[in-house]
Every structure is written in C-alpha cells, then in structure tokens.
Amino acid sequence: MSKFLPISHYQAPLTDGYKLLPFRFTRLAGDDYVLTNEAGEPLVLDRASLHAFVHHELDSGSPAYCDLKAKHFLLDSDSSLPIDLLALKVRTKLQRLADFTGLHIFVVSLRCEHSCPYCQVSRQSDDRVAYDMTTETADRALAMVFRSPSPAIKIEFQGGEPLLNFKLVRYIVGRADSMNQSHRKDLQFVVATNLALLTDEVLDFCELHGILLSTSLDGPRDLHNRNRPRPGGDSYERAVSGIARVRERLGLDRVAALMTTTEASLSRVREIVDEYVRLGFHGLFLRPLSPYGFAVKTKWYDSYGADRWLKFYFEGLDYIIELNKAGYPLVEQYAATVLSKMLTPFGSGYVDLRSPAGLGIAAIVYNYDGDVYGSDESRMLAEMNDKRFRLGNVHNDTYEQVFQSENLLGPLEESFAGSAPMCSECAFEPWCGAEPVYHYATQGDVVGNKPRSAFCSRNMAIFRRLTTLNRSDPETRRIFQRWANL
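This section reports on the structure supplied with the text. (Residues numbered from 1 in each chain as written. Predicted model: local features only at pLDDT ≥ 70, side-chain atom pairs only at ≥ 80, totals over all residues. Heavy atoms only, no water.)

1. Things to note about the overall build of the chain
Regarding its fold elements, the chain presents 20 helices and 16 strands. Computed over the C-alpha atoms, the radius of gyration of the chain is 24 Å, within 12% of the 23 Å expected from 2.2 N^0.38 for a compact globule of 486 residues. Along the first, second and third principal axes, the C-alpha set of the chain runs to 75 × 50 × 40 Å. Buried positions account for 56% of the 486 residues belonging to the chain. As displayed, the chain has an accessible area near 21,200 Å², and 51% of this comes from carbon and sulfur atoms. In the chain, 55 positive and 61 negative side-chain charges are present, and the distance between their average locations comes to 1 Å. (Helix = DSSP H or I, 4+ residues; strand = E, 2+ residues; numbered from the N terminus. Rg over C-alpha atoms; globule rule 2.2 N^0.38 Å. Buried < 20%, exposed > 50% of the residue type's maximum accessible area, 1.4 Å probe, protein only. Areas by Shrake-Rupley, 256 points an atom, 1.4 Å probe, with all protein chains shown as cover. Lys, Arg positive; Asp, Glu negative; His and termini not counted. Charge placed at Lys NZ, Arg CZ, Asp CG, Glu CD.)

If you want it as structure tokens, here you go:
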C-alpha cells in the first residue's frame, strides 16, 4: 500500500478547508510535538493542536494555523505558492549534491611519533617509511581530484602525522596549484597535524600558500598528555606552543582544534571548555570516540556508552551557552552544524549528517598506497583489515571505475534515510545522516538497526535538546541563530 497520495491530490483546486502537505512529527516531552516539513523546517505544537490539524479541524484564525501555513505544512485556497516555495527550499537544501566531491583527503603517511590509545587510523611508528605515499601515487590521485565537477576543492593532508612526509605535502601543493591554472577551481589546503614537528620551514610554506592547520587539543595539560602520549611526555606543551606560533605567523584564524572524548574526559567538560577559552579559541567540537583502529583494539571505544557521553555533551553545551550569554562568543561546532540544517535553507557539508550519505559524494580519501575510499571512516576500517568500502586504486582504476564501484553505489542507495526503517517516519530525518560505515562497523549492516544504534540515540537526543533550547528564551535563540549562520 502506497504511503503517498497521487500527485493529482495536491494539484486539485481547493474550494474550502485545507490540505496537508508532507510532514513528519515526533514527540518531544509532555504534550509537545515537533513537526518538520520536507525542507526540514521545524514547528512545535501541543498534542491538541496537532490532533486538530491532522483531522482538518484547525481554525483558520488560530496562531497554529498561521504558523503551519507560513511554514508550508498546509495548503489552502488563499494561495498556490506553498508547493512552489517548498520545492525551492528542498532544491536549496540538496544543491550540494550537484557539486559532487569537494573534500579530497591525502593520507601522505601512516607514520606518527604519538602513540594515542584511541588512534582511529592504526598509525605506524615514525621509522616505517614504507607507509609513506609516493609522488607517483600523489600524481595519479591529483588527476582524479581535478576530474571532480565541484567548483570548490579542499585538499586535506592527513596521517599518521603528515609533517613526517612534509616533502610530499610541498610537492602536492605545488602540483595542485599548477594544475589549477587551467581548471580554475576555488582551491584550499588544510594540514591536520599534532603540531609537534612544526618548524619555521613549515610555517613559511603555509604562509606562502594560505594553508590552514587543524590540530588536536583534548583539554588541560594532564588530560591531553594522558590521551595523546609521545616520547618526552610533552604533547600538550608542543601543541600549545604550535598554536601560538601559527597564530603569530599566520593569523588567529589559521589554526583550529578539536578534541576527542575519552573516559577520563567525562567528568571534566567545564575544564576542557575553559582550556579552549584560555587559549583564545571561539569554537570547539565535543567529539565522541569512533569505533575504528586502536580505539577498538585498546577497548577505549567500549569504555563509555551513548548515555554517558550525552551527559558530558549536554553539560558542555549548557556551559558554552552560559559563556555566550556572559559575553564570550564560543561555538559548539556539532550543534552549529545541526542548527544550520534546522534554522537555515541550506544543507550541510558535514559528511556524517548527509542523506544520502556523504560517502564519495562529499569526500574521497586517497590512502598512502593508492587505495581509494569514500570516507575517512572507510579508510580507518580498511586499516583493521576490512576493505568493504574500498573503491579502487589510483594505479589500477579510472575515475569512472572508482565512482561507479558497487562498494560506493550500493551503500549510497541504501543510505537514503527517507526510505530507511524508522528514519523515514522520524521528524528529525531532514537534519540527520545515514553513516553506513559506522553502522557496518558496529552492527555489520550499512543501514543498521536504529533502536540499537548509538549514532541514532545520540543524534535524536541532541535534536530534541536543541529544539527545546531554541524555544527556551530569546537570548539562547539569538545565540543559535548566530551559530546556524556562521
């Protein structure tokens, strides 16, 4: 039995009353329900108003009726525009799909001089040069990069520690700049580094080519050094010194940091936030552990569940909102990503919150050995000897073979949340993503059983909290609007 009425139902003229346009609803708390239309715009109604609305009993003069009409949940005889406007908003949300792959990740080395127990990429010791990418592999990967139809290309260097193969980073940047003379892309470079090996040579090169740096900062000195050990026990000192050097040389906005939540972090979220404030950051990402690499082997991933992380996250989010109200502008970046989908007409480039999945469409990864993966998580899974999501190799496969691989097309087809069990009827579906690699890694299935999915339970809790907080007071609403429109 079809869930949808034929198109003629929506095209027929109205003489009186109103028709329902497609929407989903989910209970928040008490008698409150959140409704979302096809473009993901939210509206909260009480149970009585929702009941009256779906039974065509809502008075046309009521505030609820006006809100539902303004946000295209209903169609009446006064206007024929709602369907056209709704279609325009849906097209705007999905416009990134037409651009195709914008983020291209080069794993220039798996070597790293850190030995983080939660390392997701199964890094290798810093003397194992066999795990470095070669110039031949880099050239073949760059040829694929510039086949992308995306007008904006971001090349991100990852590892291991990419500065251990900085010679290749220099080569790729120079070669990409040269190729771009004819391709005319909006080209950007990012180096994801722990900053421990930062030198004046690296800073000179980053300044010359406008390169951004991304680093890790897990919190205060003792916590960071515990989470991210290295010879000499000075990971924190090198990271903080590196941040200061980058800012002094390149500018305050040329280095960003993110943290990873370990069990030792759970009781210290305020200290972690304070450390970011002390160092002058205006954004942080309260990120949970991922089920890949050493994080699984060392059992760090299993050290806490979704409930404990959510308690940590919500305490941190509340504290960040307090700081904003006290005058210090600070953004929790995951919340900002969700809010941009909730409160603006634009979609998100964040790979984990895309439907269909961002796998290959949003990002592509060229591993040190030339293997190609549709996401960083796919590459991490491969380092655990599971190459389920390997798309090909730059030495053996063409661009067409890589992007038409069944290892990409199959998961993409199944990752459309609008047709997935449980997701298809969830009010939060327009804000969420599919994450097929995560569900395969944790449940052995690219769709996954949503009631048992930590990804699902974390996101639903966050969506509920953000929806509730957005209605709590005008000042919080203004803060969220600013985050959503960054």
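2. Thoughts on the nonpolar core
Formed by 130 residues in total, the largest nonpolar core has its most connected members in Phe106, Ile155, Phe157, Tyr366 and Trp483. Element by element, the count of residues in this core is highest for helix H13 (residues 306–325), at 10 residues. Excluding its chain neighbours within four sequence positions, the residues that come into contact with Tyr366 are His104, Ile105, Phe106, Val107, Met133, Ala141, Met144, Val145, Asp371, Val372 and Val394. By size, the runner-up hydrophobic cluster in this structure holds 15 residues, among which are Tyr18, Leu58, Tyr65 and Phe73. (Core = buried A, V, L, I, M, F, W, Y, C linked by side-chain atoms within 4.5 Å. Contact = heavy atoms within 4.5 Å.)

3. Comments concerning the sheet that holds strand S7 (residues 152–158)
Pairing between sheet strands relies on hydrogen bonds along the backbone, with the strands arranged either parallel or antiparallel. Taken together, the 9 strands give an open sheet; going across it, the order is S12-S10-S9-S8-S7-S6-S14-S15-S16, and neighbouring strands pair in mixed fashion. In this open sheet, the two edge strands, each paired with only one partner strand, are strand S12 (286–287) and strand S16 (390–393). For strand S10 (residues 255–260) and S12, the ladder comprises 2 bridges, and the chain directions are parallel. Paired with Met259 across the two strands is Leu286, which belongs to S12. Lying on the sheet, helix H6 (residues 135–145) is in contact with strand S6 (103–107), S7 and strand S14 (363–366); it crosses S6 at an angle near 175°. (Pairing = 2+ DSSP bridges. Axes fitted to C-alpha atoms, helices over the stretch in contact; angles between N-to-C directions.)

4. Brief notes about the side chain of Lys93
Among the secondary structure elements, Lys93 is positioned in helix H4 (residues 81–93). With near-sequence residues (within four places) excluded, Lys93 lies in contact with Ala39, Ser340, Lys341, Thr344, Pro345, Phe346 and Gly347.

5. Observations concerning the pattern of salt bridges
For the coordinates displayed, the defined rule picks out 27 salt bridges. Between Glu41 and Lys89 there is a salt bridge, and its shortest N-O distance comes to 3.0 Å. Taken as a pair, Glu41 in the loop between strand S3 (32–37) and strand S4 (42–46) and Lys89 in helix H4 lie far apart in primary sequence, 48 residues in all. (Salt bridge = Lys/Arg side-chain N within 4 Å of Asp/Glu carboxyl O.)

Structural measurements only, silent on function.
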